[in-house]
Amino acid sequence: MQTASTVLLIAALISIQTVKAQNTATPSLKEIFKNDFFIGTAINAQQIEEKDLAADKLIKQQFNAVTPENVMKAEVIEPAWNKFSFDLADKLVDYAQKNNLKVNAHNLIWHSQLPAFMHHMQSADSVKQYFENHITTVASRYDGKVYSWDVVNEALNEDGTLRNSIFLQKLGDNYIVEAFRLAQKASPHSKLYYNDYNIEQPKKRAGTIALIKKIQAAGVRIDGVGIQGHWKAGNVPLNDIEESIKDFSALGVEVMFTELDLSVLPNPWENTTADVSATSKGNSKMNPYANGLPDSVQQKLTKSYTDLFKLFMKYKKDISRITFWGVNDGQSWLNNWPVRGRTNYPLLFDKDFKPKPAFYSVIAIAKSN
Ligand code: XIL
């Protein structure tokens, strides 16, 4: 008798605890947006190797897509001529498979983070060999194992013309179509995307549209376009973003926001001064929130995320993925770019992995739609 009631009591306590845990559990971005778009994050080597337990927990709870922040870039994956180093990229694919995460592989062709042997390459023949071999080897290894590829990254100038990269110089202005053609052949089972920043801006947007049309006109597959989304809190170009979603989706391709973060820090290029004595003062001015974020700035960040997600929900039928560039504030690249050693607050989770007011506001938008 006594045993039975003890069992009942324990059972009741357990169920109360469960209800409590459910009530206080953090909502999940991937759950709340599951009928709208994938929710991704960029992950680093530590996270891929499951050495960052707090991040690991959050990734599993919040996201259903990942982009490798660095490990699939050319300098990492082909460090020496025709010598590939797939270790971390393979681990990433295993990690994603185990945790039901779609991989957006990033990236095949980009002027930045190239292997050292590419830096002074003069011969057009060698560049062509590298280009074909790199795309074919890497894309075919992960065919169908990754959901998608950023085939070409950041090929445009701000005025919409082609960036004067080693690829343009040595291969000519058809190189982007050729990159997609090679990727399509090597990876018929993964989606193929073009990815760039500021392409919501009118001139660069026009350049992107021309580029997509050119690829399509050549009979080559392009499945989507990624707008990186490195913007500033309080200064998100909402109208240009809206026009871009409309313009890009009218071309029949998926639209994605692929590297979303909203900086709260001053940009050195906006406060240029020729005054040499301004340096030390300038430094603390450039890193104003090292000891914490004032409420007013927190609110500005929350408002920008709110406005953005309202827009994303309005166009959810055209948008296939929203990826944040990093798991939490402490790990964001914006702490070291464009100035090293600052404290930025650009994401939805703080340095202790705690959801910020912007997170709850984004969740509320999903619920109200
Ligand atoms: C950044 C990474 O976050 C850094 O860790 C790295 O040092 C430099 O590159 N656009 C892109 C990304 O397409 O690959 C960049 O990632 C950020 C800008």
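One can find the structure itself at the top, above this paragraph.
Reading the values: the criteria
Residues numbered from 1 in each chain as written. Predicted model: local features only at pLDDT ≥ 70, side-chain atom pairs only at ≥ 80, totals over all residues. Heavy atoms only, no water. Near = heavy atom within 4 Å. Polar contact = N/O pair within 3.5 Å; in protein donor to acceptor, adjacent residues only side chain to side chain. Areas by Shrake-Rupley, 256 points an atom, 1.4 Å probe, with all protein chains shown as cover. 1 Å grid on protein atoms, 1.4 Å probe; cavity = no way out; pocket = protein on both sides within 12 Å on 5 of 7 lines; lining within 4 Å. Sits in = over half its atoms within 2 Å of the grid points. Nonpolar A, V, L, I, M, F, W, Y, C, P; charged D, E, K, R; others polar. Buried < 20%, exposed > 50% of the residue type's maximum accessible area, 1.4 Å probe, protein only. Helix = DSSP H or I, 4+ residues; strand = E, 2+ residues; numbered from the N terminus. Contact = heavy atoms within 4.5 Å. Points joined across faces, edges and corners; volume = space filled by probe spheres on them. Pairing = 2+ DSSP bridges. Right-handed = clockwise from strand over helix to strand, strands pointing away. Expected span 1.5 Å × (residues − 1). Salt bridge = Lys/Arg side-chain N within 4 Å of Asp/Glu carboxyl O.

A.B. asks: Provide a residue-level description of the site of the ligand, including the pertinent values.
C.D. replies: The environment of the ligand is made up of 13 residues, and the closest members are Glu69, Lys73, His106, Glu259 and Trp325. Between the ligand and Asn70 there is a distance of 3.0 Å, counted from an oxygen atom to a side-chain nitrogen or oxygen. Here an oxygen atom of the ligand and a side-chain polar atom of Lys73 are 2.7 Å apart. Relative to its free-state accessible area of 410 Å², the ligand is covered by the protein chains to the extent of 77%. Its atoms largely coinciding with the cavity grid, the ligand occupies the largest pocket. Here the residues of the shell around the ligand are counted per class, giving 3 nonpolar, 6 polar and 4 charged.

A.B. asks: Tell me about helix H4 (residues 53-62), and please be specific about residues and values.
C.D. replies: Of all the residues in H4, the buried ones are Ala55, Asp56, Leu58, Ile59 and Gln62. The inward-facing, buried residues of H4 abut helix H2 (29-32), strand S1 (38-43), helix H3 (45-48), helix H6 (87-98) and helix H14 (357-368).

A.B. asks: An account of the environment of Thr161 is requested, with residue identities and associated values reported.
C.D. replies: Inspection of the secondary structure puts Thr161 in the loop between strand S4 (148-153) and helix H8 (166-171). With a relative accessible area of 38%, Thr161 lands in the partly exposed category. When the C-alpha atoms of Thr161 and Thr208 are compared, they prove to be 9.1 Å apart, with 47 residues separating the residues in sequence. Those residues within four positions of Thr161 in sequence are excluded, and the remaining contacts are Ala155 and Leu156.

A.B. asks: Can you explain the layout of surface pockets? Please cite residues and give values.
C.D. replies: The calculated volume of the largest pocket comes to roughly 860 Å³. Lining the largest pocket are 36 residues; nearest its centre among them are Tyr197, His230, Trp333, Leu334 and Trp337. Those elements that provide at least two residues to the lining of the largest pocket are strand S7 (230-232) and strand S8 (254-263). Partitioning the lining of the largest pocket into residue classes produces 12 nonpolar, 14 polar and 10 charged.

A.B. asks: Can you explain the pairing of strand S6 (residues 224-227)? Please cite residues and give values.
C.D. replies: Burial along S6 is two-sided: the face carrying Gly224 and Gly226 and the face carrying Val225 and Ile227 are both buried. Direction of pairing for strand S5 (residues 191-196) relative to S6: parallel, over a ladder of 4 bridges. If you follow Tyr193 over to S6, its bridge partner there is Gly224. This β-α-β element, S5 to helix H10 (residues 202-217) to S6, shows right-handed connectivity. Relative to S8, S6 is paired through 4 bridges, and the arrangement is parallel. By the bridge assignment for S8, Gly224 is matched with Glu254.

A.B. asks: So, empty space enclosed by the protein: which residues are in play, and what are the values?
C.D. replies: Inspection of the entire model under this criterion finds 2 cavities of 30 Å³ or more. In this model, the largest cavity occupies a volume close to 40 Å³. Taken together, Ile109, Trp110, His111, Val152, Asn153, Glu154, Ala155, Arg163, Ser165, Phe167 and Tyr175 make up the full set of residues lining the largest cavity. When grouped by side-chain class, the residues that make up the lining of the largest cavity number 6 nonpolar, 3 polar and 2 charged. If you add up the space inside the second largest cavity, you get close to 30 Å³. If you trace the second largest cavity, you find it lined by Ala42, Ile43, Asn44, Gln47, Glu69, Trp325, Gly326, Val327 and Gln331. Tallied by class, the residues present in the lining of the second largest cavity amount to 4 nonpolar, 4 polar and 1 charged.

A.B. asks: Before we move on, could you go through helix H9 (residues 175-186) and cite the residues and values that matter?
C.D. replies: The end-to-end C-alpha separation of H9 is 16 Å, in line with the 16 Å expected for 12 residues at 1.5 Å each. Within H9 the residues assigned to the buried category are Tyr175, Ile176, Val177, Ala179, Phe180, Ala183 and Ala186. Along its buried surface, H9 packs onto strand S3 (102-109), helix H7 (124-141), S4, H8, S5 and H10.

A.B. asks: I'd love a proper account of the pattern of salt bridges, names of residues and values included.
C.D. replies: According to the stated counting rule, one finds 22 salt bridges in the structure shown. With a closest N to O distance of 2.6 Å, Asp223 and Arg221 form a salt bridge. Judged by its relative accessible area of 19%, Asp223 falls in the buried class. Taken together, the salt bridges that share partners define one network made up of Glu49, Lys51, Asp87 and Lys91.

A.B. asks: Let's hear about the side chain of Asp196: which residues, and what values?
C.D. replies: Of note, Asp196 is situated in strand S5. The class for Asp196 is buried, based on a relative accessible area of 0%. One polar contact links the side chain of Asp196 to the main-chain amide nitrogen of Leu156, over a distance of 3.4 Å. Non-local contacts of Asp196, meaning those with residues more than four positions away in its chain, are made with Asn153, Glu154, Ala155, Leu156, Lys204, Gly226, Ile227 and Gln228.

In short, the description is geometric, and any link to function would need to be established separately.
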